[in-house]
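Structural characterization, general
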Amino acid sequence: MQNANLKGSIVILTGAGISQESGLDTFRDTNGIWNSVRIEDVATPDAFRRDPARVQAFYNARRRQLTSGAIQPNPAHLALAHLEREWKGPVTVVTQNVDDLHERAGSGGLIHMHGELLKVRCIRCRDPFAWTDDLTTATACPDCGLVGTLRPHVVWFDELPLQMERIYQELEGCVLFVSIGTSGSVHPAAGFVQAVRQSGHARTVELNLEPSQAASLFHEGRYGPASDVVPAFVAELLG
Ligand code: APR
C-alpha cells in the first residue's frame, strides 16, 4: 500500500553519490575523479581530438573496474528498483551516471543522460553498441572497418546530454521529484528541480550525503549515506 496522498509519476535524478558505496569514486569529493585527472584532458571532444589514446585509457580503466565483478549495486539502487515495481504509477530514473548499476539492480524506466560506459559508438557510422573491452586507437569499427573512429558512448563537457526532451516531459508531469547523490554543480541536471517547481506542484526532495549546492531549492532534504537514506525513503513512500 503506498502513501495514500501521493498518486502519479515519480522522477528520480541520480548522480555519482548513489554509486559511491558500491566502490565507484564520485567526481568532486575529496578523493573524487576530478581531483586526480583534469576534465580538459579526458572528458571533452577537444581532448579526444588532441590525445585519443589518453582519453581511451581513462575510460578503459573505468570500464575494467566496472566489469571486474568487485562493483555491485548497493541497497540504494535496489530500493529504487523495488519502488518501480511496487509504485502504482510510472517511476523514471534519470541518471547522470554511466555505470550499469541501476540496470543490474533491476530498474527498467531508466534514462542515461550522460551516456553509458559499457557502450561505444563509431563517429562515422553507427548507433551506440555494447562494448566491455578496452578501446584503443587501433581498434577497428566492426561495421565500417575504420580504425580510430570508435569512442566511448559518454557525453563529454561541451556536448549535449541525451534524451533531454523526454526528460523535461517527465519532469513536467511528475508529482514527486527526488534528487539522489548529486552535487548539483553540473547543468542541465542541476536545474531540473527548478523546472519541476516552475511547471507544477510536485514535491521535491533531496537525498544526499550532505546538502548540495541546490539544497535550498528543494522542499525537503534528508542527509546520510544513500544506502541508508534511500531505502528508508522508499519504505516511507510505499507506506
Ligand atoms: N551517499 C549519498 N551521497 C553521496 C555519497 C553517499 N555515499 N557519497 C557522496 N555523495 C554525494 C556528495 O556529497 C556529492 O554531493 O554525491 C555527490 C557527488 O557529486 P559529484 O561528485 O559532483 O557527482 P555528480 O553530481 O554525479 O556529477 C555530475 O559531473 O563530471 C560530471 O558527468 C559527470 O555525471 C557527472 C556530473
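Residues numbered from 1 in each chain as written. Predicted model: local features only at pLDDT ≥ 70, side-chain atom pairs only at ≥ 80, totals over all residues. Heavy atoms only, no water.

For the protein, the helix and strand inventory stands at nine helices and nine strands. Along the first, second and third principal axes, the C-alpha atoms of the protein reach 55 × 35 × 30 Å. Expressed as a percentage of the 239 residues in the protein, the buried residues total 51%. Of the contacts formed within the protein by residues at least 6 apart in sequence, a portion of 64% connects residues at least 24 apart. Accessible area for the protein stands at about 11100 Å²; split by element, carbon and sulfur atoms hold 51% of it. Here the protein contributes 21 positive and 27 negative side-chain charges, whose respective centroids are spaced 2 Å apart. (Helix = DSSP H or I, 4+ residues; strand = E, 2+ residues; numbered from the N terminus. Buried < 20%, exposed > 50% of the residue type's maximum accessible area, 1.4 Å probe, protein only. Contact = heavy atoms within 4.5 Å. Areas by Shrake-Rupley, 256 points an atom, 1.4 Å probe, with all protein chains shown as cover. Lys, Arg positive; Asp, Glu negative; His and termini not counted. Charge placed at Lys NZ, Arg CZ, Asp CG, Glu CD.)

Residues spaced three or four apart along an α-helix face the same direction, because each turn holds 3.6 residues. When the terminal C-alpha atoms of helix α4 (residues 52–66) are compared, their 21 Å separation across 15 residues agrees well with the 21 Å that a helix rising 1.5 Å per residue should span. Of the residues making up α4, those classed as buried are Val55, Gln56, Phe58, Tyr59, Asn60, Arg62, Arg63 and Leu66. Considering only its buried residues, α4 is in contact with α2 (39–42), α3 (45–50), α6 (101–105), β4 (115–122) and β6 (150–154). (Expected span 1.5 Å × (residues − 1).)

Applying the stated criterion to the full structure yields 14 salt bridges. Connected through shared salt-bridge partners, Arg38, Glu40, Asp41, Asp46, Arg49, Arg50 and Arg54 make up one network. (Salt bridge = Lys/Arg side-chain N within 4 Å of Asp/Glu carboxyl O.)

Inspection of the secondary structure puts Asn74 in the loop between α4 and α5 (75–86). Of the polar contacts made by the side chain of Asn74, one reaches the backbone oxygen of Ile18; its length is 2.7 Å. Apart from residues lying up to four places away in sequence, Asn74 is in contact with Ile18, Ser19, Glu21, Ser22 and Ser227. (Polar contact = N/O pair within 3.5 Å; in protein donor to acceptor, adjacent residues only side chain to side chain.)

This part covers the site of the ligand. Close to the ligand lie 23 residues, the nearest being Phe27, Arg28, Trp34, Thr182 and Ser183. Considering the ligand on its own, with 730 Å² of exposed area, one finds that the protein chains cover 95% of that surface. Of the residues contributing to the shell around the ligand, the split by class is eight nonpolar, 11 polar and four charged. (Near = heavy atom within 4 Å. Nonpolar A, V, L, I, M, F, W, Y, C, P; charged D, E, K, R; others polar.)

A word on the state of the cysteines. Two cysteines whose sulfur atoms are joined by a covalent bond form what is called a disulfide. Scanning the model with the defined rule gives zero disulfides in all. Looking at the unpaired Cys141, the closest cysteine sulfur is the one in Cys125, lying at 3.6 Å. A relative accessible area of 3% means that Cys141 is categorised as buried. Cys144 forms no disulfide, and the closest cysteine sulfur to it belongs to Cys141, at a distance of 3.7 Å. (Disulfide = S-S within 2.5 Å.)

The first and last C-alpha atoms of helix α9 (residues 226–237) sit 16 Å apart over 12 residues, in line with the 16 Å expected at 1.5 Å per residue. Among all positions in α9, only Ala226, Ser227, Val229, Val230, Phe233, Val234 and Leu237 are buried. If you follow the buried residues of α9, they end up packed against β1 (9–14), α1 (17–20), α5, β7 (174–180), β8 (203–208) and β9 (220–223). Just beyond α9, the residue with positive phi is Gly239, at close to 70°.

Another point: the packing of α5 against α9. Where α5 meets α9, the closest approach of the two axes is 7 Å, and the angle between their N-to-C directions is 20°. Considered as vectors, α5 and α9 are oriented roughly parallel to each other. Of the two elements, α5 crosses α9, and the hand of that crossing is left-handed. Residues Pro75, Ala76, Ala79, Leu80, His82 and Leu83 of α5 lie in contact with α9, whose contacting residues are Ala226, Ser227, Val230, Pro231, Val234 and Leu237. (Axes fitted to C-alpha atoms, helices over the stretch in contact; angles between N-to-C directions. Parallel < 35°, antiparallel > 145°, perpendicular 65-115°, else oblique. Left-handed = near helix turned anticlockwise from the far one by under 90°.)

Here the focus is the sheet that holds β4. Across the sheet, three strands lie side by side as β5-β4-β6; this open sheet has antiparallel pairing. In this open sheet, the two strands that pair with only one neighbour each are β5 (129–130) and β6. Bridge count between β4 and β6: four bridges; the pairing is antiparallel. Residue pairing in the sheet places Gly115 in a bridge with Val154 of β6. This element, α4, spans β4 and β6 of the sheet and lies at about 135° to β4. (Pairing = 2+ DSSP bridges.)

Another point: the sheet that holds β7. Pairing is parallel across the open sheet formed by six strands, whose spatial order is β3-β2-β1-β7-β8-β9. A strand with exactly one partner marks an edge of an open sheet, and here the two such strands are β3 (110–112) and β9. Strand-to-strand twist across the sheet, computed as the mean angle between neighbouring axes with direction ignored, equals 15°. Relative to strand β2 (residues 91–95), β1 runs parallel, the two sharing five bridges. Across the sheet, residue Ile10 finds its bridge partner in β2, namely Val91. Sheet strands in contact with helix α8 (residues 192–199) are β1, β2, β7 and β8, and its direction is about 165° off that of β7.

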